[in-house]
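Summary of structural features
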Amino acid sequence: FVKPEALYGSLHSAPAVLMTIQSFPMTSSVSTSQGVLPPAGFGVYESSVAGPSASFVHSVPELNENEETELYSVSWNQDYSCFAAGTSHGFRIYNCDHFKETFRRDLKSGGFKIVEMLFRCNILALVGSKTNAQYPPNKVIIWDDHQSRCIGEFSFRSEVRAVKLRKDRVVIVVEHKIYVYNFMDLKLLHQIETLANPRGLCCLSHHLNTSVLACPGLRRGQVRVEHFGLNMTKFINAHDSQIASMTLTMDGLLLATASIRGTLIRIFNTVDGTRLQEVRRGVDRADIYSIALSPNVQWLAVSSDKGTVHIFSLRVRVVGDDLSTEVTGVNCSALDHQSSSNSLDGLVSPNTGANPSSSLSFLKGVLPKYFSSEWSFAQLHLPECTQFMTAFGSQNTVIIVGLDGSFYRCSFDPLNGGPMVQQEHICFLKTETRPR
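Everything numeric in this text was worked out from a predicted model, so none of it was measured.

So, about the nonpolar core. Counting residues in hydrophobic clusters, the biggest one holds 22 residues, and the most contacted among them are V140, I142, F154, F156, V163, V170 and I172. Mapped onto this core, the elements with two or more residues apiece are β8 (123–128), β9 (139–144), β10 (149–156), β11 (162–166), β12 (169–174) and β13 (177–182). In this structure, V170 is in contact with I142, F154, K164, L165, Y179, V180, Y181, F183 and L186, ignoring residues within four places of it in sequence.

Below, the structure written as structure tokens:
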């Protein structure tokens, strides 16, 4: 798709004339450049721009280095190779391996509360903060940083809670509805009603041969899974309480969820809704900030407001080494004919996994469910004062980004587990990390 060392890619040139499309009256409007998104892959260039582009709305001078920058949000790109930071003055892009600030745009009109990347290419989705004079929080800007201009704009009556991108779709989340657009022409394809969703919960698959979306359903604790390629909707009653966090594997065939209680994390087969595994973070209530699945679906990481990151071993079968086409051992061509039993056999390994459990687990039919729980395999303790987002790096490492502007890289022992070892800690909002 792109060279691994590049940050952005370039699109084919597009007409400068904008047209306005009314997708649905009184709800939202879309402005787009005709033909802006080609079906072919993106080109690549390594950006060396450290300051704002002269075409970023207006020519704006560089911000004062001494002016304090507030961090509004952090978000991973689709393969977790880098992350975007929305700040009070614009946005920044950071590479995770090896850590480096690779790009930034600073403005004087205000900051962005949402910055969503499309892998490592030049296309970004931006949502302004409440203090942004140019871009309000009810508007989504599709920004082509190679051309230094807006190529699409979505306006809504209510605040945008999240934006998700894949190569062929733009997904925009407002509190009670999710809109799915075609990335080629920004035409509306689907509208999905949800329960109140202030967290903007929504996740997408990113393999070209699967098109899966997961979001809250219309009932408490329910997850709605859309298999667009199969023209199938599956409702999974994941928890008794409201959903707090969720994530999909890259192919969308596995779903991990946590509720607002924050004690249990559950893994489901998204095709038939089978619960494949349940692990326990703790016994006391916690706010789950993020759930991450490793690329080989062997590990699961959870961060919470308790200041801990827990790693769990998964009993999910992985077939083959080519994870780009087959992550879980379930062939997409066979999905139409899967039954509940054979999909379970294909996804769950017969071994019991490496997670510790109670010494009384053999009495699980007699004692309360707590005693048969699977506990975390490895752990890391961090400050409780901020929100941390986790992802898996290479060679049994976990990368963690905090809303206090901190970046951690930690390793865990895949055989013995236990406390993780901190390898790297960087305060990435400092100007020393700025690209030269």
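This part covers the packing of aromatic side chains. Applying the stated criterion to the full structure yields 17 aromatic pairs. Between F83 and Y94, the aromatic rings sit 5.0 Å apart at their centres with planes inclined by 15 degrees, giving stacked as the arrangement. Of the two residues, F83 sits in strand β4 (residues 82–87) while Y94 sits in strand β5 (residues 90–96), which places them 11 residues apart along the sequence. What makes Y94 buried here is its relative accessible area of 0%. An angle of 40 degrees between the planes, with centres 4.4 Å apart, marks the rings of F99 and F407 as tilted. Of this pair, F99 sits in strand β6 (residues 99–106) while F407 is found in strand β29 (residues 406–411), placing the two residues 308 residues apart along the sequence. Feature note: the residues W76, Y80, F83, Y94, F99, F407 and F428 constitute an aromatic cluster, connected by ring pairs.

Next up on the list: the pattern of salt bridges. Tallying each qualifying case throughout the model produces 16 salt bridges. The salt bridge partner of K113 is E159, with a shortest N-O separation of 2.6 Å. One end of the pair, K113, is in strand β7 (residues 112–117); the other, E159, is in the loop between β10 and β11, with 46 residues separating them in the sequence. Linking R169 and D168 is a salt bridge whose minimum nitrogen-to-oxygen distance equals 3.9 Å. When salt bridges with common partners are traced through the structure, they connect E101, R104 and D106 into a single cluster.

Here is what the cut-offs are and how they apply
- Residues numbered from 1 in each chain as written.
- Predicted model: local features only at pLDDT ≥ 70, side-chain atom pairs only at ≥ 80, totals over all residues.
- Heavy atoms only, no water.
- Core = buried A, V, L, I, M, F, W, Y, C linked by side-chain atoms within 4.5 Å.
- Buried < 20%, exposed > 50% of the residue type's maximum accessible area, 1.4 Å probe, protein only.
- Helix = DSSP H or I, 4+ residues; strand = E, 2+ residues; numbered from the N terminus.
- Contact = heavy atoms within 4.5 Å.
- Phe/Tyr/Trp six-rings, centres within 6.5 Å; stacked < 30°, edge-to-face > 60°.
- Salt bridge = Lys/Arg side-chain N within 4 Å of Asp/Glu carboxyl O.

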